[in-house]
Amino acid sequence: MSDRKCVILGGGGHARVLIDCLRLSGAALPIVILDSDSARWGSALDGVLVRGGDALLADLREEGIVWFAVGLGQGAREKLFARGIEAGLRPVTAIHPKAIVAESGIIGAGSQIFAAAVVNSGAALGENVVINTGAIVEHDTCVAAHASVASGACLLGGVTVEERAFIGAGSVVLPGIRIGAGAVVGAGAVVTKDVAAGRTVAGVPARELN
């Protein structure tokens, strides 16, 4: 068991998967959760106490907790990551023991790669990226900071996913496609051409939504 005591920023379903990943991988020992929803304070998530909100970050640092992980799958990930850094904490990189990561893959600080996910040769992830359960990041694909690839999605070779983009569950992005910053690819979509920053696409083939 790791001696890296860790606070998780944000509770909920993603945090449960993260807690399991941290424990199984030994990347860190989840000690406490902070969440903005006061209704969760005092409860526990898989044995980890939801102690309060982000205002407690400074107190945790004084208590010797120096690591953090973001417990949200999308949305406020970038903001929570910045709060952890500003509080003087270090981001935990979590890789499930049943994920496959190529030796030549580059994994940014604070990224999370869950069970059955694959990151292939020459792929690169920025900081605070999520590669969710069963997702595939093929060779020479780049996923920039704070982006999320949902369960079962497949990014084929040479794809570029820019910052804060979201790739929906079960979607496929064809080779060499660029997904712009903050763009959203709907679940099950097949993306055959570039997606501009901030746009949302869905369908087979994927088309921009109004």
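One structure accompanies this document, and this report is about it. Not measured: the values here are computed from a predicted model.

1. Structural notes on unusual backbone geometry
In this structure, the amide linkage connecting Val204 to the following residue, Pro205, adopts the cis form with an omega of -10°. You can see Pro205 is positioned in the loop between strand E24 (200–202) and strand E25 (207–208). Phi at Ala116 is positive, roughly 70°, even though this residue is not glycine. Mapped onto the elements, Ala116 comes out in the loop between strand E10 (112–113) and strand E11 (118–119).

2. Structural notes on helix H1 (residues 13–25)
Given 3.6 residues per helical turn, the α-helix brings residues three or four places apart onto the same face. If you check H1, its first and last C-alpha atoms are 19 Å apart, about what 13 residues at 1.5 Å a residue would give, namely 18 Å. Turning to H1, its buried residues number three or more, namely His14, Ala15, Leu18, Ile19, Cys21 and Leu22. Along H1, the residues classed as buried sweep out an arc of 165° about the axis, all on the same side.

3. Observations regarding the pattern of salt bridges
Per the counting criterion, the structure on display carries 8 salt bridges. A salt bridge links Arg164 to Glu78; the nearest nitrogen and oxygen atoms lie 3.9 Å apart. Within this pair, whereas Arg164 is found in the loop between strand E18 (160–161) and strand E19 (166–167), its partner Glu78 is found in helix H3 (residues 77–86), the two being separated by 86 residues in sequence. Taking relative accessible area as the criterion, Glu78 reaches 32% and is therefore assigned partly exposed. Ionic contacts of the salt-bridge type, sharing partners, join the residues Glu78, Glu163 and Arg164 into one network.

4. Let's talk about the environment of Pro205
On the basis of relative accessible area, Pro205 is assigned to the partly exposed category, the value being 34%. A sequence separation of 12 residues divides Pro205 from Lys193, and the C-alpha atoms of the two residues are 9.1 Å apart. When neighbours within four sequence positions are excluded, Pro205 is seen to be in contact with Val190 and Thr192.

5. Brief notes about H3
Among the residues making up H3, those that are buried are Arg77, Leu80, Phe81 and Gly84. Taken down its axis, H3 places every buried residue within 100° of arc, on the same side. For H3, exposure combined with an orientation more than 90 degrees from the buried face picks out Lys79 and Glu86. Positive backbone phi, at 85°, marks Gly88, one or two positions downstream of H3.

6. Concerning the pairing of strand E5 (residues 67–70)
Note on strand geometry: in a regular strand, side chains alternate between the two faces of the sheet. What you see with E5 is no split at all: Trp67 and Ala69 on one side and Phe68 and Val70 on the other are buried throughout. Pairing analysis gives 2 bridges linking E5 to strand E6 (residues 90–91), with the strands arranged parallel. By the bridge assignment, Trp67 is partnered in E6 with Arg90. Taken together, E5, H3 and E6 constitute a β-α-β crossover, and its handedness is right-handed.

Criteria and cut-off values
- Residues numbered from 1 in each chain as written.
- Predicted model: local features only at pLDDT ≥ 70, side-chain atom pairs only at ≥ 80, totals over all residues.
- Heavy atoms only, no water.
- Helix = DSSP H or I, 4+ residues; strand = E, 2+ residues; numbered from the N terminus.
- Expected span 1.5 Å × (residues − 1).
- Buried < 20%, exposed > 50% of the residue type's maximum accessible area, 1.4 Å probe, protein only.
- Arc of directions from axis to C-beta.
- Salt bridge = Lys/Arg side-chain N within 4 Å of Asp/Glu carboxyl O.
- Contact = heavy atoms within 4.5 Å.
- Pairing = 2+ DSSP bridges.
- Right-handed = clockwise from strand over helix to strand, strands pointing away.

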